[in-house]
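Commentary on secondary and tertiary structure
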Amino acid sequence: MQGYPGVSLVDASGAQVGPAAAQTGQATPLVTLPAGQSTTATFRQTNPGVLNCTPVPVQGFRVYPPGQTASVIATASNLGTCPNSTQESPQISPVGTSA
């Protein structure tokens with residue numbers, strides 16, 4: 001596997017909230033996974049508290065593995081975003097990187 005996952009925040013109905021995460025521009029390592037194993041990618045967004053907005057609660061992430069068209073929803077708790085902020089979009093790193 002190699003590349004960037006597609007990642008966006010979603011509400012309880014699975015609808016996207018705000019823009020999809022932008023790619024960080026890092027090199028994309030080749031990740032070889034044995035059956036049943038996983039890898040990571042780092043999602044970053046500015047803390048809504050510093051954006052001078054009222055955060056919108058979200059229920060998790062919609063994730064498309066690199067090069068795939070089928071997605072999965074990963075739930076998360078206590079997560080919010082400022083979908084109309086022009087100050088900073090969320091970012092995603094390539095799979096197999098820690099930052």
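I will try to describe carefully the structure that is included in this document. Please read all numbers here as calculations on a predicted model, not as lab measurements.

Rules of the game
Residues numbered from 1 in each chain as written. Predicted model: local features only at pLDDT ≥ 70, side-chain atom pairs only at ≥ 80, totals over all residues. Heavy atoms only, no water. Pairing = 2+ DSSP bridges. Helix = DSSP H or I, 4+ residues; strand = E, 2+ residues; numbered from the N terminus. Axes fitted to C-alpha atoms, helices over the stretch in contact; angles between N-to-C directions. Phe/Tyr/Trp six-rings, centres within 6.5 Å; stacked < 30°, edge-to-face > 60°. Contact = heavy atoms within 4.5 Å.

Taken in spatial order, the three strands of this open sheet run E1-E4-E5, and their pairing is antiparallel. For this open sheet the edge positions go to strand E1 (6–10) and strand E5 (72–81), each flanked by a neighbour on one side alone. Strand-to-strand twist of the sheet, defined as the mean angle between neighbouring strand axes without regard to direction, takes the value 25°. Bridge analysis of E1 against strand E4 (residues 56–64) gives five bridges, and the strand direction is antiparallel. Following the sheet pairing, Val7 is matched in E4 by Val63.

For the structure shown, the criterion picks out one aromatic pair. Their ring planes at 70° and their centres at 5.0 Å tell us that Phe43 and Phe61 sit as a pair that is edge-to-face. Of this pair, Phe43 sits in strand E3 (residues 43–44) while Phe61 is found in strand E4, placing the two residues 18 residues apart along the sequence.

Take Gly6: it is sitting in strand E1. Distance in space between the C-alpha atoms of Gly6 and Gln23 is 8.8 Å, their sequence separation being 17 residues. Not counting residues up to four positions away in its chain, the partners in contact with Gly6 are Arg62, Val63 and Tyr64.

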